[in-house]
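Notes for the structure review
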Amino acid sequence: MRKIYLIALLLLSLPLAAKNFILKTNLPYVATATPNLGVEFAISPSFSLSIEGGYTPFKWNKDRYLKHFVINPEVRYWLCHRFVGSFVGVHGFYGEYNFDYDKWFNHRYDGRVVGAGFTYGYHFYLSKHWGIELLAGIGYAYLYYDKYKSGHCGDYVGKFKRNYIGPTRLAVSILHIF
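Now for a quick tour of the structure. (Residues numbered from 1 in each chain as written. Predicted model: local features only at pLDDT ≥ 70, side-chain atom pairs only at ≥ 80, totals over all residues. Heavy atoms only, no water.)

1. Things to note about the overall build of the chain
Along the chain, the regular secondary structure elements total 2 helices and 9 strands. Secondary structure elements in the chain, listed N-terminal to C-terminal, are α-β-α-β-β-β-β-β-β-β-β. The buried share among the 178 residues of the chain stands at 40%. Counting contacts in the chain only where the partners sit at least 6 residues apart, residues at least 24 apart contribute 55% of the total. Carbon and sulfur atoms provide 67% of the accessible area of the chain, an area that totals close to 10400 Å². (Helix = DSSP H or I, 4+ residues; strand = E, 2+ residues; numbered from the N terminus. Buried < 20%, exposed > 50% of the residue type's maximum accessible area, 1.4 Å probe, protein only. Contact = heavy atoms within 4.5 Å. Areas by Shrake-Rupley, 256 points an atom, 1.4 Å probe, with all protein chains shown as cover.)

2. A few points about the pairing of strand β3 (residues 47-56)
Counting buried positions over the 10 residues of β3 gives 7, a clear majority of the element. Of the pairings in the sheet, the one linking strand β2 (residues 36-42) to β3 comprises 7 bridges and is antiparallel in character. Residue pairing in the sheet places Gly38 in a bridge with Glu52 of β3. The hairpin turn running from β2 into β3, its antiparallel successor, is 4 residues long. (Pairing = 2+ DSSP bridges.)

What follows is the structure, encoded as structure tokens:
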């Protein structure tokens, strides 16, 4: 829990040094019951730094749950004006997960993911203080996890590692611009 407070404090204190910054939330995360928050602040006239995080502590019942947290830092280059229009970026991510849904999977997965990639996005300027952001990213992820038989106290199956290349980010975010 201390990790979450430290991340929240860091996210809330970063924009204080910036002249222009944005608070945002990713709607697909909200749709999956994942509370999330992001901040983005200007680091030069053409570059910004975005840091987003999400955390799901929920458990639906003893055999069906998805618990995870993820942090996504990204450096963006704005093709025209900062916080308006198109941007390209380089992102990284780290997350931990523990999920089990016995209707779809016969196993529980408990592990971590780390990776990086490239993004393209577009920021729609709605008003002086509001906007919508669409982005997609492609990259590499390294997953390492323990696998268990599905259900409460399922038998340990083993340790696994996976390399993944493909889509790594997808966001539709609502933004508040300060």
